[in-house]
Amino acid sequence: MSLAFVRLGIGMLLVVLCGCEPSWKSHFRQGAKLYEKSGHRYFGKVVGYEAAHDFHNGTSPQPAILIEPAEGGEAAQTWGACSTCDATFDIGAP
């Protein structure tokens, strides 16, 4: 096997592995409505996004969305990790 062929194979593998992750910002669009997966009850809407939010809980910064709860009010807004929110909520159109 030639070195160029091996490099091409490694490059294709990286594209396949890295290209499968969702783009969180496009997945959780501004204004998207979040519904609990169990019961499909309205939870709130996406009002912000941060690619590397620090939750100050010992975990590494990670993509997160700012959620305005169904009750509304800026003081009640909370951050949720995109991976956790994806597992917890169904997403509705803004």
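Here the structure is a predicted model, which means the values were calculated and not measured.

**Focus: the pairing of strand β3 (residues 62-69)**
Pairing of strand β2 (residues 42-53) with β3 involves 7 bridges; the strand directions are antiparallel. Its bridge partner lying in β3, Lys45 is registered against Glu68. Sheet topology note: the β3/strand β4 (residues 78-81) ladder contains 4 bridges and is antiparallel. Note that in β4 the partner of Ala64 across the bridge is Ala81.

**Quick word on the environment of Trp24**
Note that Trp24 resides in helix α2 (residues 24-27). When the C-alpha positions of Trp24 and Tyr49 are compared, they lie 8.7 Å apart, and in sequence the two are 25 residues distant. Residues contacting Trp24, with those up to four places away along its chain left out, are Tyr49, Pro63, Cys82, Ser83 and Asp86.

**Here's the deal with the packing of aromatic side chains**
On inspection of all chains with the given rule, the structure shows 3 aromatic pairs. Ring plane angle 20° and centroid distance 5.9 Å describe the contact between Trp24 and Phe28, whose orientation is recorded as stacked. Given a relative accessible area of 15%, Trp24 falls into the buried group. The buried category is assigned to Phe28, whose relative accessible area is 1%.

**Comments concerning the sheet that holds strand β5 (residues 89-92)**
Taken in spatial order, the 5 strands of this open sheet run β4-β3-β2-β1-β5, and their pairing is antiparallel. A strand with exactly one partner marks an edge of an open sheet, and here the two such strands are β4 and β5. The mean inter-strand angle of the sheet, taken between neighbouring strand axes irrespective of direction, is 45°.

**Focus on unusual backbone geometry**
Leave glycine aside and you will find that most residues have negative phi; peptide bonds, for their part, are mostly trans. Of note, His40 is a non-glycine position whose phi angle comes to about 50°, a positive value. Relative to the elements of secondary structure, His40 occurs in the loop between β1 (33-36) and β2. Classification of His40 as partly exposed rests on a relative accessible area of 48%. Phi at His56 is positive, roughly 55°, even though this residue is not glycine. The topology assignment puts His56 in the loop between β2 and β3. We classify His56 as exposed; its relative accessible area is 70%.

**Some details on the pattern of salt bridges**
Counting across every chain of the model gives 1 salt bridge. Note that Glu36 and Arg41 form a salt bridge whose closest N and O atoms lie 2.8 Å from each other.

What counts, and at which threshold
- Residues numbered from 1 in each chain as written.
- Predicted model: local features only at pLDDT ≥ 70, side-chain atom pairs only at ≥ 80, totals over all residues.
- Heavy atoms only, no water.
- Pairing = 2+ DSSP bridges.
- Helix = DSSP H or I, 4+ residues; strand = E, 2+ residues; numbered from the N terminus.
- Contact = heavy atoms within 4.5 Å.
- Phe/Tyr/Trp six-rings, centres within 6.5 Å; stacked < 30°, edge-to-face > 60°.
- Buried < 20%, exposed > 50% of the residue type's maximum accessible area, 1.4 Å probe, protein only.
- Axes fitted to C-alpha atoms, helices over the stretch in contact; angles between N-to-C directions.
- Salt bridge = Lys/Arg side-chain N within 4 Å of Asp/Glu carboxyl O.

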